[in-house]
Amino acid sequence: MKSLVFLILLSLAVADAQWWRNAGRAVKNSGRFVKNTGRAVKNTGRFVKGAVQGSWDMGRAYHDMRKANYRESDKYFHARGNYDAAKRGPGGRWAAKVLSNGRENWQSSVSGRGHEDTRADQEANAWGRNGGDPNRYRPKGLPKRY
């Protein structure tokens with residue numbers, strides 16, 4: 001079941017990506033077609049690789065959060081997942097944003113935790129995605145392995 005959810009999220013992420021724009025620019029410039037196409041393919045590959053790795057980073061943070069089962073630690077894991085994914089480059093940053101927003105939109109309508117909790121989660125997501133230290137949200141006593 002987990003792998004099915006991951007595949008669905010990954011397909012949504014790849015379908016929504018704007019990587020095809022570089023390939024379109026290469027076609028317009030026929031004089032440098034081969035050079036630009038090669039660059040577009042390389043950039044596309046980097047983007048997709050970063051998106052996949054960033055998705056794994058987000059999944060790892062979620063798994064760690066569930067495994068730790070530590071009170072008041074969810075903001076830390078939100079920030080950490082986004083931080084790790086964003087380090088993967090534009091693809092990872094994009095994956096972190098898509099997955100975080102999708103989860104928060106789903107969770108806010110289902111969990112009943114309220115708008116304030118969703119806002120705080122999104123703040124932690126943005127903090128990590130923009131390069132902020134996730135330890136800002138780390139609760140005291142959380143085991144060091146996390």
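Residues numbered from 1 in each chain as written. Predicted model: local features only at pLDDT ≥ 70, side-chain atom pairs only at ≥ 80, totals over all residues. Heavy atoms only, no water.

## Section: the packing of helix H5 (residues 90–110) against helix H6 (residues 115–129)
- One can describe the packing of H5 onto H6 by two numbers: an axis separation of 10 Å at closest approach and a directional angle of 175°. In terms of orientation, H5 lies roughly antiparallel with respect to H6. The residues of H6 that touch H5, namely those facing Arg93, Ala96, Lys97, Ser100, Asn101, Glu104, Gln107 and Ser108, are Asp117, Thr118, Asp121, Gln122, Asn125 and Arg129.
- When its residues are assigned to classes, the contact of H5 with H6 shows one nonpolar, seven polar and six charged. (Axes fitted to C-alpha atoms, helices over the stretch in contact; angles between N-to-C directions. Helix = DSSP H or I, 4+ residues; strand = E, 2+ residues; numbered from the N terminus. Parallel < 35°, antiparallel > 145°, perpendicular 65-115°, else oblique. Contact = heavy atoms within 4.5 Å. Nonpolar A, V, L, I, M, F, W, Y, C, P; charged D, E, K, R; others polar.)

## Observations regarding H6
- Helix length check: H6, at 15 residues, gives a terminal C-alpha distance of 21 Å against a target of 21 Å (1.5 Å per residue), a fit within 8%.
- Along H6, the residues that are buried comprise Asp117, Thr118, Asp121, Ala124, Asn125, Gly128 and Arg129. Buried residues of H6, seen end-on, are gathered within an arc of 130° and therefore sit on one face of the element. Turned more than 90 degrees from where H6 packs its buried face, His115 and Glu116 sit exposed.
- On the buried face of H6, the contacting elements are helix H4 (74–86) and H5. (Expected span 1.5 Å × (residues − 1). Buried < 20%, exposed > 50% of the residue type's maximum accessible area, 1.4 Å probe, protein only. Arc of directions from axis to C-beta.)

By themselves, these figures tell us nothing about what the structure is for.
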